[in-house]
Amino acid sequence: MIQEFLKKFRKKSPWLLHYNAGSCNGCDIEILACLAPKYDLERLGVRNTGNPKQSDIFLVTGPVTMRSRERLVELYTQMPEPKVVVACGSCTCTGGVFRGMYNAEDGIDRYIPVDVYIGGCAPHPEQIIDGIVKALEILETKTKEIEQPKKLMGKITENDGQTDKTKMAGSL
Amino acid sequence: MSWLLTLLAPILGGFLYGIERKLTARMQSRKGPPILQPFFDLFKLADKRPMVVHSYHAFMGIIHFVAAWVALSVLFFGGDLLVAIFFHLLSTSLLIVAGYSVKSTYSRLGATRELIAIAALEPILILTAISFYLHTGSFEVSKILTAPTSIFTSVLGFLALLIALPGLLKKSPFDAAEAHQEIVGGVEIEFSGFFYDTVYAAKWLDMLFVFTLVFLFGGSSFVVGGALAVFAFFVVLLADNSTARVRYCDMVRLLYSLAFVLAGANIILGVVL
Amino acid sequence: MQELLLILFLLPFFAAVGVLSVKRYAGIITFFTATFLMAASSLAYLSFESSFTLSLSYLSVPFLVTDLVLLGYFATIGYTSRNKKILFLSIVQAAFLFLLENFSSREGYDIVVDKLSLFMFLLINIVGSLILIYAVRYIKDETSDISKQAVFLAILTAFLGVMNLLVSVDNIEWLFLFFEMTTLASFWLIGFRDDAESQENARIALWMNQIGGVALLAAALVAKAELHTVYISEILTHGGETLILFTAFFAVAALIKGAQMPFSPWLLGAMAAPTPVSAILHSSTMVKIAPYFILKISPALAGTAVGGVIALIGAISFLVSAALALREENFKKILAYSTISLLGLMILTASLGTPLSVLACMLLILFHGVSKAMLFMCAGVLEKKYHIKSIESVEGLINKAPILTSLIILGFLSISLPPFGVFFAKWIVYEGGAGISGLIVTLLLFFIAVGSVALTLLYFKTVGRFVANDDTKSSKEDYSYLASPLILGMFLLGFSFFISPAIGGFFKENASFVVSSVVPISGDFWGITLPFGRLEFWHIVAAFLLLGVAPLLAAKIRLKGIDKVKPYSCGEKIETSAYSFYFDPAKNIEKVANTVSAALFLLIILLGALNL
Ligand code: SF4
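Residues numbered from 1 in each chain as written. Chains lettered and ligands numbered in written order. Predicted model: local features only at pLDDT ≥ 70, side-chain atom pairs only at ≥ 80, totals over all residues. Heavy atoms only, no water.

**Remarks on the site of the ligand**
All names here are of chain A.
Then comes step 1: Taken together, the residues surrounding the ligand are Ser23, Cys24, Gly26, Cys27, Gly89, Ser90, Cys91, Val97, Phe98, Gly120, Cys121 and Ala122.
Then comes step 2: When contributions to the shell around the ligand are tallied by element, the ones reaching two or more residues are α2 (26-35) and α4 (90-94).
Then comes step 3: Class assignment for the residues of the shell around the ligand results in seven nonpolar, five polar and no charged. (Near = heavy atom within 4 Å. Helix = DSSP H or I, 4+ residues; strand = E, 2+ residues; numbered from the N terminus. Nonpolar A, V, L, I, M, F, W, Y, C, P; charged D, E, K, R; others polar.)

Structure follows, in structure tokens:
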């Protein structure tokens, strides 16, 4: 009963975790525009927390560069369920203009399960708001089961990027 | 009455926080979240999968909430103002202990800054209490509320408290202890789900505590007290929306050179005159 | 009553002789002496009816000889170690003693055991004895040389006797002897480890305390030359014109013993001594001579300029030592600074001389003694068992040694927050201080307000290091050391419940005796009432539950069925850690405070001479 009661509030207070996985910042600007007075996402109860432990929506931008992969997965696993992932921007969905590049993966869905894809390079704020509303619908149907990140498609080599990866992150 | 106020404190505090968010939004010419938004947040957080860093940390969050409630109830039951202030310190210190107990850089940084903020703010609160004594003849809230209003005689003390308010409420420009964009919320960072609920609600109680202090300046005239509290509320919001965060050491410097001096001057005037 | 006093005065000395002659049973003898002293002091307090007086004038000559022997010993130390200050001060003191002999004085009671003495007995014998018991265990780890162990225990035991006598003599010449004996004990015990550093620190302690001795003799000289009496009670009642000068010198002796600001180095250096020494001499008993002296003269000080200046010195030490401690990471140093700081507060409250502030001072004396003794004993355990000296290396200790850590945390909480004694003292000072109008008092209140947050900052930053927890279970804790600290911890926790009747009864009675008027405070089980404020019983219970019970429960309870996660670190998997913060309040604050305080010391004498 209490569960049913509490469930109602999921979509009324979605807190965002915004993560930039190597985007060109175009999408980030648009997200900020959403939060700014003109579009005012906060009227939906959205708050940009910056802390995975208190967030419900994982809003990712960027194609996932090699160096941001572990962080992406780490942040995802640190979010308590129920949670949804929103891929914001073409390059987050498919790699977009960065597709096939040597230093980027093609979209975040090879690492974590994505619930909503928002296309556009960069997507219009209205689209983003639309996507978040869509995500809220999905959030309502989710359970508190632990959601796992996906298996990797490529293998992380010991020292891609410039730093020694073994020190930074454990094996995924 | 005191029972009712004490029992309803979290609800009142929630409303206050809701109003504050709405007002902030209106000040930025946004539409803003509904007034009930804080409660939505509360219920939603309770529905998340629970996780803790370790049990001690999570428990201290709950105790912090209870302590904040007790501090407020000391005020509402007309108790001694200094005791209430010390309970307020106690509740903050429990949060600080929680912050230190986890092996997390941000949490410890936040706890340290919180401590430094206390070092700057606590003397002002104590001097405020003393100024209440000087102008009303008692430290007891119940007696202060029957004495004539003390705002005219201790304008400086009111100003000092007004300057300290953003620090007490962790609002810009004195929000270095929380600093969402910088240290991700400081001590709050490792709390999640239900356990964050307690810390979140404790913030509302803190808010209520602080504005009750402002209200006391009205003395027996509740209209003046209410007006002062509303005025302070607006001023704090205005400052929050129009200033940038200062570094924590500048915060200490500013609070000591402005608020502490004003509060001290107020007391010296009260003693001399 | 007489028998009990006899035990208190003489048993420690006999026990010391016993310990030295039967070295093998040193521990057992010390243990039994300690228990006897505890029992005797409590019985003495309970059976007290009226002041006990005794005239022992035939002892004057032997005491004078002892004085001279002692000074001769100091002079030899000064000579052999080429320390001119010690040599010079010893000669000055001897000269003063000869001067004193030129004046005659009336007959009177040399020993007066009054309420204040009994109050001090309780602190000295109960806390001191517990430290003795702890020392028996501690010294085994300190040195394996049996005769050295025996010497150590003998000095500590005899020291309790000296303290007992010191708080009961009324004859200022004798007081000087015991004062010098405590200095001697300090000197021996600080130098106990026998390395260059502790020898040096011991000598610093010696010459600084000798200045106190000179001041005491000067006070005696004033009294004897002008009033022809050596009895403090008589001086205080018939002081007349010279009273202020007498109190000025007397207070200077007290301030030096209490390590107030330019003289703080001796107490900081004293941390080189083994921990029981720090506990017994340098935090809970010997330095309490300072507030005790001031309490004795506080009726004369109330409302005088001298009293104001003494309070100011206390206030400066209170604030500045607390701030200076923020840069230390050595645990014992932190405790030492905080002791100096709180001694400053005690001196401040005592020298204000109003009934409420005297009551606050007595609360501080007792509870600071208990808390600090406990903390120092814990510091000793840290050092000996876990080889920890710095607060940076205590991380995770809460899992290894939960009881020890809880005691340390309790110790720090008990000197800052409700429902423990020191909080009540602060509360009473604020409310009592605000009650007196006057610019000086207001100024002092500012010092207290800022100083106490500086202390809070210090304590919580230290506590923060101790609660750092990595949630691992580990092997069993070694309890062999913990008996005494545990008893004190239990006392602190248990007593917080009865604090309001105790303030309304025990402390009120004693403080009323000191100020010889009724303290305007009333306390029963349901709360404490001051003229302008009231603290309810439920406040105490709430604070007790929140601070005393809840954190312990939280440490015990393990949440079941809840996932444990790692702390947030921006998605990185690097091990991160944040240390405590340290800062120097301002570069030359120490220098300035020292200079100002030194000037104020001179001002005390000057004001005394001007009779203000
Ligand atoms: S989708 Fe386009 S605008 Fe957005 S981050 Fe990628 S490249 Fe930049």
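From this point, things continue past the structure.
**Focus on helix α15 (residues 331-352) of chain C**
All names here are of chain C.
Then comes step 1: Here α15 is 22 residues long and its end C-alpha atoms lie 32 Å apart, about the 32 Å a rise of 1.5 Å per residue gives.
Then comes step 2: A large share of α15 lies buried, amounting to 21 of its 22 residues.
Then comes step 3: Its side-chain oxygen 2.9 Å from the backbone nitrogen of Lys332, Asn330 forms the N-cap of α15.
Then comes step 4: Backbone geometry just after α15 places Gly353 at a positive phi near 75 degrees. (Expected span 1.5 Å × (residues − 1). Buried < 20%, exposed > 50% of the residue type's maximum accessible area, 1.4 Å probe, protein only. Polar contact = N/O pair within 3.5 Å; in protein donor to acceptor, adjacent residues only side chain to side chain.)

**A few points about the side chain of Ser23 of chain A**
Residues and elements named next belong to chain A.
Then comes step 1: Tracing the backbone shows Ser23 in the loop between β1 (15-20) and α2.
Then comes step 2: With a relative accessible area of 14%, Ser23 lands in the buried category.
Then comes step 3: There is a polar contact of 2.9 Å between the side chain of Ser23 and the backbone nitrogen of Asn25.
Then comes step 4: A distance of 2.8 Å separates a polar atom in the side chain of Ser23 from a polar atom in the side chain of Asp28.
Then comes step 5: When residues no more than four places from it in sequence are discounted, the contact partners of Ser23 are Asp28, Thr61, Gly62 and Pro63. (Contact = heavy atoms within 4.5 Å.)

**Looking at the interface of chain A and chain B**
Then comes step 1: Each partner contributes residues to the interface: chain A has 32 residues there, and chain B has 31 residues.
Then comes step 2: Where chain A abuts chain B, roughly 2,700 Å² becomes buried across the two surfaces, and 51% of that area is made up of carbon and sulfur atoms.
Then comes step 3: Taken as a group, Glu42, Lys53 and Gln54 of chain A account for 21% of the area that chain A buries against chain B, more than any other trio of residues on that side.
Then comes step 4: At the boundary of chain A and chain B, one finds seven salt bridges.
Then comes step 5: Across the pair Lys48 of chain B and Asp56 of chain A runs a salt bridge, and its minimum N-O distance is 2.6 Å.
Then comes step 6: On inspection of chain A and its partner chain B, the count reaches 19 residue pairs in polar contact (both at pLDDT 80 or more).
Then comes step 7: Of all the elements, helix α1 (residues 2-7) of chain A adds the most residues to the side of chain A that touches chain B, at four residues.
Then comes step 8: Tallied by class, the residues present in the side of chain A that touches chain B amount to 12 nonpolar, nine polar and 11 charged. (Buried area = accessible area lost by both parts, 1.4 Å probe. Salt bridge = Lys/Arg side-chain N within 4 Å of Asp/Glu carboxyl O.)

**Overview of the sheet that holds strand β3 (residues 522-524) of chain C**
All names here are of chain C.
Then comes step 1: Across the sheet, which stays open at both edges, the three strands sit in the order β3-β4-β5 with antiparallel pairing between neighbours. Whereas interior strands pair on both sides, the edge strands pair on one side only; in this sheet they are β3 and β5 (533-536). Each strand axis lies, on average, 5 degrees off the axis of its neighbour in the sheet, ignoring direction.
Then comes step 2: Here four bridges tie strand β4 (residues 527-530) to β5, and the two strands are oriented antiparallel to one another. Considered in β5, the bridge of Leu530 is made with Gly533.
Then comes step 3: Its contacts with the sheet put helix α23 (residues 537-556) on β4 and β5, and the angle it makes with β5 is roughly 55 degrees. (Pairing = 2+ DSSP bridges. Axes fitted to C-alpha atoms, helices over the stretch in contact; angles between N-to-C directions.)

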